[in-house]
Amino acid sequence: MTLLGVSDVGVSFGGHTVLEGVTFSVQEGARLGVIGVNGVGKTTLLRVICGACAPDSGGVYLAKGKTVGMLPQITDLSEKGGEALLAYMEEAFPQLVKTEKELDALSHSITEAAERGEHDRAASLSASYDLLSARFAQQGGATFRARCRSMLVRLGFPEEMHLRRISEISGGQHTRLALARLLASEPDLLLLDEPTNHLDIDATTWLEEHLAAYPKTVMIVSHDRYFLDRVTDHTLRLSHTRAYLYKGNYTAAKEKQEADEASLERRRREQMKIRARIEANIAFQRRCGQEHNFVTIRSKQKQLDRMEKIEKTVDERSVRMRFEQSGESAANVLSVRHLRFGYDPAHPLFSDVSFDVRRGERVLVLGPNGCGKSTLMKLLSGHLVPDGGCMEFGYRVEVGYYDQEVRGLDPNRTVMEELHASFPGCTELEIRSALALFLFGADEITQTISTLSGGERARVLLCKLMLKKVNLLILDEPTNHLDIASREALEAAVAEYEGTVIAVSHDRYFIDRTASRIIELCPTAEDGIIDYPLERDEGAYTAYTRLRALSEAAEPTAPQKEESDAKRRYEQQKKERADRAAEKRRIEQAKARAAALEAEIARLDEALAQPENAADYVKAAELCRRHDEAEEELLALYEQIMD
């Protein structure tokens, strides 16, 4: 069944056409990946589908009764700052919360009716309560709060954070919180715009597994090729305002695209030969100049006009880069011993990290969000000073640093001025040529840094890094903000680089193609790290996951850390409140049931007093049996109420 239809959609901004004639459909249960270079209109397409942006032409059609939920790239929940994380999650279920309140009100009314002796009303309210309670349970009322808590934990919010206010978490955590809420609500069409941007590898792996089992339809914009390969079964490629739909994941779609383009190029060349022969024939007929020649010319010209010309495929512009060494460094590039650092001295991020890096190694530093990977890069690059321990660089080591937050650029300078200020010895032609490799044309180089997108700023920083010519690259999430083509160019440049690389990345394709060694920050391990030297006969990330699984299987299960007194008190108080509420509901339900049984017994007494029933021994026996059962159940309820 078709869930979504997009028909001839066109969108323009300020005279610039972003989408034109975009047409495709999505079947229910499909997992569609949307790819394309930065600025091609992927986010715009999602906004059109969810109704946040009206198209200039065409339309979007959603199956009747289906819901749509979208996660934007950047989520700002500042207006919800006073709410607790768990309360924000529960707002995704307004109908269930409303029904829960109605059930509480009904329960209270039943108790009041029973206390006033209004047995018929209590029985009627009890029946309504049972019906509403059954519907509440059928809609997931018994599990939605547990689902909210579980989703928060899965996406990096441990239980001790659930009652924290949204104003106390970071911007990246805002996006993760919005993702948790969206996944918990399970819309029929789930639209995700770069969902892995603020997730570590473990959280991304969990999200892959969750989406693979998601019972509804998913549409994902992402530059994470590993993620797309594991989640999607269809791929929509946006290119030059148009859309091309392929069956299969990213890798399958790329192979099909390349095969289609190769086939089209063969057909184009064959057509060029045919057209050349026809045009040569027309030229020959013109030289002959006879009447029958002009008949032939008209016929051949019509043949040319009817022939639909196959245009050459226009390649997407892609970044080109190459990192060159400034000179060979010493064999021992870096020695780190007992490194300690913490933004809060009482709670250090790491306290005893030690490792060495040798010339030519490509070391990838991994670990969960918050473990200190980016902080370690800032320490190594000299942007932070350690609280303890030491770092010693080898002879002739020259460092170049890429900051994932793309700082170090003057927002008031133009792109050209920024590079001139950093490299005064370079000529204007050299700088323009370097910027051209990173897709900055004559108009773009006059833009100020403050007006650039995240991807454009990343390209400026990479261009500066290329011009700097160092023998040690320290890269903190260098693939962030880059589209797939730019990531591939960066991977190729790092792979060809003859110097040493220390990098942090969650991009598993980048890890696979570049790493020769992986270090995982782990405060409980010796030297504060787990070192994974890799073999070159398999992908680096693949080898890392295999070695990590073997290491975890070999270790005995670590004892759980003792909970803090405050957390235990909170959990105990929460349990006591829940027990009291459950006991209150039990008593109220028992009173309501008792009232209903009392009314039933009264009706049975009246029925037994009727002469016609007394004369009918079978019916009288049945009434007596039911009377005894009701009295027995009523006595048991009285005992519960009195306890």
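Residues numbered from 1 in each chain as written. Predicted model: local features only at pLDDT ≥ 70, side-chain atom pairs only at ≥ 80, totals over all residues. Heavy atoms only, no water.

Attention now moves to the pattern of salt bridges. If you walk through the whole model with that rule in mind, you get 32 salt bridges. Arg 508 is the salt-bridge partner of Glu 208, the closest N and O atoms lying 2.4 Å from each other. Of this pair, Glu 208 sits in helix α7 (residues 201-212) while Arg 508 sits in helix α16 (residues 508-514), placing them 300 residues apart in sequence. When sorted by exposure, Glu 208 lands in the same class as Arg 508, which is buried. Of the charged contacts in the structure, one is a salt bridge between Arg 322 and Glu 496, with a shortest N-O distance of 3.4 Å. (Salt bridge = Lys/Arg side-chain N within 4 Å of Asp/Glu carboxyl O. Helix = DSSP H or I, 4+ residues; strand = E, 2+ residues; numbered from the N terminus. Buried < 20%, exposed > 50% of the residue type's maximum accessible area, 1.4 Å probe, protein only.)

Our focus in this paragraph is the confidence of the model for the chain. In the predicted model, the chain carries a mean pLDDT of 85, and 93% of its residues have values of at least 70. Taken as a whole, residues 557-563 scores under 50 in pLDDT and shows 2 contacts with residues more than four places along the chain or in a different chain. (pLDDT = per-residue confidence, 0-100. Contact = heavy atoms within 4.5 Å.)

In summary, the side chains of a regular strand alternate between the two faces of the sheet. Among the 5 residues in strand β17 (residues 517-521), 5 count as buried, and that is most of the element. Burial of the side chains of β17 extends over both faces: Arg 517, Ile 519 and Leu 521 are buried on one face and Ile 518 and Glu 520 on the other. Here strand β12 (residues 362-366) pairs with β17 via 4 bridges, running parallel. Paired with Leu 364 across the two strands is Ile 518, which belongs to β17. (Pairing = 2+ DSSP bridges.)

What follows covers helix α11 (residues 373-380). For α11, the buried fraction is high: 8 of the 8 residues fall into the buried class. Looking at α11, one finds that the buried residues are Lys 373, Ser 374, Thr 375, Leu 376, Met 377, Lys 378, Leu 379 and Leu 380. Immediately beyond the C-terminal end of α11, within one or two residues, lies Gly 382, with a positive phi of roughly 85 degrees.

Take the side chain of Ser 354 next. Relative to the assigned elements, Ser 354 resides in strand β11 (residues 350-358). Judged by relative accessible area, which is 7%, Ser 354 ranks as buried. Among the polar contacts listed, one links the side chain of Ser 354 to the backbone nitrogen of His 338, at a separation of 2.8 Å. (Polar contact = N/O pair within 3.5 Å; in protein donor to acceptor, adjacent residues only side chain to side chain.)

The strands that make up a sheet pair up through hydrogen bonds in the backbone, lying either parallel or antiparallel. Judged by pairing direction, the sheet is mixed, and its 6 strands sit side by side in the order β14-β15-β16-β12-β17-β18 without closing on themselves. Of all strands in the sheet, those bounded by a partner on one side alone are β14 (399-402) and β18 (529-533). Going from strand to strand, the sheet's axes swing by 15 degrees on average, the running direction of each strand aside. One ladder, built from 4 bridges, connects β14 with strand β15 (residues 472-476); its direction is parallel. Counterpart to Tyr 402 in the pairing with β15 is Leu 475. Taken strand by strand, α11 contacts β12, β14, β15, β16 (500-504) and β17, and its axis lies near 150 degrees from that of β15. (Axes fitted to C-alpha atoms, helices over the stretch in contact; angles between N-to-C directions.)

So, on to the environment of Phe 440. With respect to the helices and strands, the residue Phe 440 is situated in the loop between α13 (428-437) and α14 (454-468). For Phe 440, a relative accessible area of 4% gives the class buried. With 156 residues separating them in the primary sequence, Phe 440 and Phe 284 have C-alpha atoms 48 Å apart. Setting aside chain neighbours within four positions, we find Phe 440 in contact with Val 415, Leu 435, Ile 445, Glu 456, Arg 459 and Val 460.

Take the packing of helix α12 (residues 415-422) against α14 next. One can describe the packing of α12 onto α14 by two numbers: an axis separation of 11 Å at closest approach and a directional angle of 25 degrees. Judged on the interaxial angle alone, α14 and α12 are roughly parallel. Where α12 crosses over α14, the handedness of that crossing is right-handed. The residues of α14 that touch α12, namely those facing Val 415, Glu 418, Leu 419 and Ser 422, are Val 460, Cys 463, Lys 464 and Leu 467. Grouping the constituent residues of the contact of α12 with α14 by class yields 5 nonpolar, 1 polar and 2 charged. (Parallel < 35°, antiparallel > 145°, perpendicular 65-115°, else oblique. Left-handed = near helix turned anticlockwise from the far one by under 90°. Nonpolar A, V, L, I, M, F, W, Y, C, P; charged D, E, K, R; others polar.)

Here we come to the packing of aromatic side chains. A full pass over the atoms with the stated rule returns 7 aromatic pairs. For the pair Tyr 226 and Tyr 509, a centre-to-centre distance of 6.5 Å together with 85 degrees between the ring planes defines the contact as edge-to-face. Of this pair, Tyr 226 sits in helix α8 (residues 225-231) while Tyr 509 sits in helix α16, and the two are 283 residues apart along the sequence. With relative accessibility at 24%, the residue Tyr 509 sits in the partly exposed group. (Phe/Tyr/Trp six-rings, centres within 6.5 Å; stacked < 30°, edge-to-face > 60°.)

The next point concerns the sheet that holds strand β13 (residues 388-393). If you walk across this open sheet you meet the 3 strands as β11-β10-β13, and the pairing is antiparallel. The open sheet has two edge strands with one neighbour each: β11 and β13. Pairs of neighbouring strands in the sheet enclose a mean axial angle of 5 degrees, with direction left out of account. Pairing of strand β10 (residues 332-341) with β13 involves 5 bridges; the strand directions are antiparallel.

Attention now moves to a negative patch on the surface. A surface patch of negative charge is lined by Asp 605, Glu 606, Asp 628, Glu 631 and Glu 632. Of all the secondary-structure elements, those providing two or more residues to the negative patch are α18 (565-609) and α20 (617-642). The leading source of residues in the negative patch is α20, at 3 residues. (Patch = residues over 30% accessible without salt bridge, like charges linked within 9 Å, V, L, I, M, F, W, Y side chains within 5 Å. Areas by Shrake-Rupley, 256 points an atom, 1.4 Å probe, with all protein chains shown as cover. Lys, Arg positive; Asp, Glu negative; His and termini not counted. Charge placed at Lys NZ, Arg CZ, Asp CG, Glu CD.)

Another point: the nonpolar core. By size, the foremost hydrophobic cluster in this structure holds 50 residues, and its most contacted members are Met 321, Phe 323, Leu 435, Ile 511 and Ile 518. Here this core takes 7 residues from α14, the largest share from any one element. With 48 residues, the next largest nonpolar core counts Leu 86, Phe 93, Leu 179 and Ala 592 among its residues. (Core = buried A, V, L, I, M, F, W, Y, C linked by side-chain atoms within 4.5 Å.)

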